[in-house]
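Working through the structure, step by step
Below, each chain spelled out in residue letters.
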Amino acid sequence: PKQLADDYVDLQIAACHTAAKNPREAFREPLLGLLKKATEHYLLFATIEAATANAAPKDQVMEILATRIDGDLSGQAIICLLPLAIIDSNGSGSTTTRLEPDQQRSAKAAWLKFIETHRAKLAAGERFKLGDSALTPALFPKGFYFYLNDKPWPPENDPSPPPPP
């Protein structure tokens, strides 16, 4: 656990990979602590993988990320949340990771509501398919989209330029 708290990001990433391959109860709390402050993209994903491999409840991991939407992570938190919530996507995209303050507040509220409503399923490791009524467009601020049946979803986030007049 000591390397998880190191200031050197690459060492933290390596420690996360080790913790993911060799789960121990002693890793869980340090990993959750790291998840509350990590900002580097690769470290975030390594921490998420290691935390879930070390039996950190997925709903708790998601809640930590959701609370950071209106803080230092902004849209990056949503990028981390998507694979924890969605299964069987045909590709996704994001045109931004920086959200305006009003987008941050509404996305944070939507994700926290989603987690609370589906806590038992998420804690059990379930994910949702695109098109499921649980995945409301409010979870996807403008600039975030998936492809469902070869069309961008949610439709209002279609990154394609509008057709010429």
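Above this note sits the structure.
The rules we used
- Residues numbered from 1 in each chain as written.
- Predicted model: local features only at pLDDT ≥ 70, side-chain atom pairs only at ≥ 80, totals over all residues.
- Heavy atoms only, no water.
- Helix = DSSP H or I, 4+ residues; strand = E, 2+ residues; numbered from the N terminus.
- Rg over C-alpha atoms; globule rule 2.2 N^0.38 Å.
- Buried < 20%, exposed > 50% of the residue type's maximum accessible area, 1.4 Å probe, protein only.
- Contact = heavy atoms within 4.5 Å.
- Areas by Shrake-Rupley, 256 points an atom, 1.4 Å probe, with all protein chains shown as cover.
- Phe/Tyr/Trp six-rings, centres within 6.5 Å; stacked < 30°, edge-to-face > 60°.
- Expected span 1.5 Å × (residues − 1).
- Arc of directions from axis to C-beta.

1. Quick word on the overall build of the chain
- The number of helices and strands found in the chain is 7 helices and 5 strands.
- Listing each helix as α and each strand as β along the chain from the N terminus yields α-α-α-α-α-β-β-α-α-β-β-β.
- Against the globule reference of 15 Å for 165 residues, the chain gives a C-alpha radius of gyration of 16 Å, in line with a compact fold.
- By residue count, 41% of the 165 residues in the chain fall in the buried class.
- Contacts in the chain between residues far apart in sequence, at least 24 positions, make up 64% of those at least 6 positions apart.
- Carbon and sulfur atoms make up 53% of the accessible area of the chain, which amounts to about 8800 Å² in all.

2. Some remarks on the packing of aromatic side chains
- Applying the stated rule across the entire model yields 2 aromatic pairs.
- Aromatic pair Phe114 and Phe128: ring centres 5.4 Å apart, planes at 65 degrees, arrangement edge-to-face. Here Phe128 lies in strand S3 (residues 128-129) and Phe114 lies in helix H6 (residues 101-117), a separation of 14 residues in the sequence.
- Residue Phe114 is classed as buried on the basis of its relative accessible area of 4%.
- Connected via pairs of aromatic rings, a cluster forms that spans Trp111, Phe114 and Phe128.

3. Some remarks on helix H1 (residues 9-21)
- The terminal C-alpha atoms of H1 lie 19 Å apart, and with 13 residues this matches the ideal 18 Å at 1.5 Å per residue to within 8%.
- Listed in full, the buried residues belonging to H1 are Gln12, Ile13, Ala15, Cys16, Ala19 and Ala20. The arc that holds the buried residues of H1, viewed along the axis, is 160 degrees, so those residues lie on one side.
- Structurally, H1 contributes buried residues whose contacts are with helix H2 (25-35) and helix H3 (41-53).

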